[in-house]
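Breakdown of the fold
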Amino acid sequence: MRRIAIMNQKGGVGKTTTSVNLAAGLAKAGKQVCLIDLDPQGHSSLHLGVEAFGQIPTIYQVFTGQKTLAEVRQLANDRLWVAPANIDLAGTELELIDAHDRETVLRSAIEKFSQSADLDYIIFDCPPSLTVLTINALTAASDVFIPLQPHFFALQGLSKLFETTALVKRRLNRALKVSGIVLCLYETGTRLAADITDDLTRFLEQSDPQAPWASAKIFSTRIRRNIKLAEAPSFGQSIFDYAEKSTGAADYAGLVEEILALEQATQQPAASAA
Ligand SMILES: Nc1ncnc2c1ncn2[C@@H]1O[C@H](COP(=O)(O)OP(=O)(O)O)[C@@H](O)[C@H]1O
Ligand SMILES: [Mg+2]
């Protein structure tokens, strides 16, 4: 079971859009997927039309030990589950302040959950911070994907993000790796987008081979700016249900294909070497 944290401490770079449409695309491709909303804004829950108010249990109760993941997840579409969040989740930091296992609560919940649920992918939509919720995602993840909007300040803050993954790898999760960078809100044909991609490629090539990001690749699918992607959340639908023929749907389908191909390559090293 692959566990992908969609992470970047900057807001507005495409984390939620990527989490939701990647999860929906993988489910559409026949995979069993659970999207875990780790942002107290609850955007990915809303995006998939999943309710998270009143008495409805949310991921917050998993952090406080009152519910299991199996009890809070809701079916949003065929093969697509969502563990929703709302503003209550903002209390997690304080709630866990004295807990000795504060960084590993989510990992333990997933370990328990995966004995009963037959899942292929878990996707974590991280909040725009490097606090306890993101640390829990990194501790529970096998892979980190970083959505990046290629503008002048895109690389600023990336080293802090990378340092955090290195720290979590060292202390909490030896298997953690940053496996991909997704260029989002991409403006085709601009010099700046191309320059930033080059800078990033150079940075990755020069990195320490022990670093968790040493084998990170920039996905060749770029997610172009597309108004349909911005409209879909207010209809509670993924891009595949909202605008199947849009460039947004085409781009996320391309990303899903790339990820599935990677999966196959890692599962059949002998076959791909032949
Ligand atoms: N490729 C895209 N084209 C157009 N709008 C997009 C695209 N990706 C994201 N958006 C919009 O940009 C805003 C920020 O994206 P979002 O995924 O919520 O970022 P984050 O989760 O990192 O804060 C949202 O309003 C979203 O609908
Ligand atoms: Mg978000």
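Basis of the calculations
- Residues numbered from 1 in each chain as written.
- Chains lettered and ligands numbered in written order.
- Predicted model: local features only at pLDDT ≥ 70, side-chain atom pairs only at ≥ 80, totals over all residues.
- Heavy atoms only, no water.
- Helix = DSSP H or I, 4+ residues; strand = E, 2+ residues; numbered from the N terminus.
- Rg over C-alpha atoms; globule rule 2.2 N^0.38 Å.
- Buried < 20%, exposed > 50% of the residue type's maximum accessible area, 1.4 Å probe, protein only.
- Areas by Shrake-Rupley, 256 points an atom, 1.4 Å probe, with all protein chains shown as cover.
- Lys, Arg positive; Asp, Glu negative; His and termini not counted.
- Charge placed at Lys NZ, Arg CZ, Asp CG, Glu CD.
- Core = buried A, V, L, I, M, F, W, Y, C linked by side-chain atoms within 4.5 Å.
- Contact = heavy atoms within 4.5 Å.
- Pairing = 2+ DSSP bridges.
- Right-handed = clockwise from strand over helix to strand, strands pointing away.
- Axes fitted to C-alpha atoms, helices over the stretch in contact; angles between N-to-C directions.
- Parallel < 35°, antiparallel > 145°, perpendicular 65-115°, else oblique.
- Left-handed = near helix turned anticlockwise from the far one by under 90°.
- Nonpolar A, V, L, I, M, F, W, Y, C, P; charged D, E, K, R; others polar.

**What to know about the overall build of the protein chain**
On a plain count of helices and strands, the protein chain comes out with 13 helices and eight strands. Whereas a compact globule of 274 residues would reach a radius of gyration of roughly 19 Å, the protein chain reaches 18 Å, a difference of no more than 12%. Across its three principal directions, the C-alpha atoms of the protein chain cover 50 × 40 × 40 Å. Per-residue burial for the protein chain yields a buried fraction of 51% across its 274 residues. Accessible area of the protein chain: about 12,600 Å², with a carbon and sulfur share of 50%. Of the charged side chains in the protein chain, 26 are positive and 30 negative; the average position of the first set lies 4 Å away from that of the second.

**Let's talk about helix 7 (residues 132-140)**
Counted residue by residue, helix 7 has nine buried out of nine residues, so it is predominantly covered. Listing the buried residues of helix 7 in full gives Val 132, Leu 133, Thr 134, Ile 135, Asn 136, Ala 137, Leu 138, Thr 139 and Ala 140.

**A closer look at the nonpolar core**
Counting residues in hydrophobic clusters, the biggest one holds 55 residues, and the most contacted among them are Ile 36, Ile 59, Phe 63, Leu 69, Phe 124 and Ile 146. Sequence-distant contacts of Phe 124, that is, excluding residues within four places in its chain, are made with Arg 3, Ile 4, Ala 5, Ile 6, Ser 19, Ile 36, Leu 38, Leu 106, Ile 110, Ala 137, Ala 140 and Ala 141. Counting residues in each nonpolar core, the second largest holds 30 residues, with Val 33, Ile 123, Cys 184 and Leu 255 among its members.

**Some remarks on the pairing of strand 7 (residues 177-183)**
With six of seven residues buried, strand 7 lies mostly within the body of the structure. Judged from the six bridges that link them, strand 6 (residues 143-148) and strand 7 form a sheet pairing that is parallel. Within strand 7, the position partnered with Leu 148 by the bridge is Leu 183. The handedness of the strand 6 to strand 7 crossover, carried by helix 8 (residues 158-171), is right-handed. Two strands pair when backbone bridges link them, and strand 7 and strand 8 (residues 217-218) are joined in this way by two bridges, in the parallel orientation. Residue pairing for strand 8: Ile 181 is matched across the bridge by Ile 218. Each parallel crossover has a hand, and for strand 7 linked through helix 9 (residues 191-205) to strand 8 it is right-handed.

**Observations regarding unusual backbone geometry**
For Arg 79, which is not a glycine, the phi torsion comes out positive at approximately 65 degrees. Its location among the elements puts Arg 79 in the loop between strand 3 (74-77) and strand 4 (80-83).

**Focus on the packing of helix 7 against helix 8**
Here helix 7 crosses helix 8 at 55 degrees, and the two axes come no closer than 10 Å. One finds that helix 7 runs oblique with respect to helix 8. Note that helix 7 runs across helix 8; the crossing there is right-handed. Side by side, helix 7 and helix 8 meet where Ile 135, Leu 138 and Thr 139 of the first sit next to Thr 164, Thr 165 and Val 168 of the second. A per-class count over the contact of helix 7 with helix 8 returns three nonpolar, three polar and no charged.

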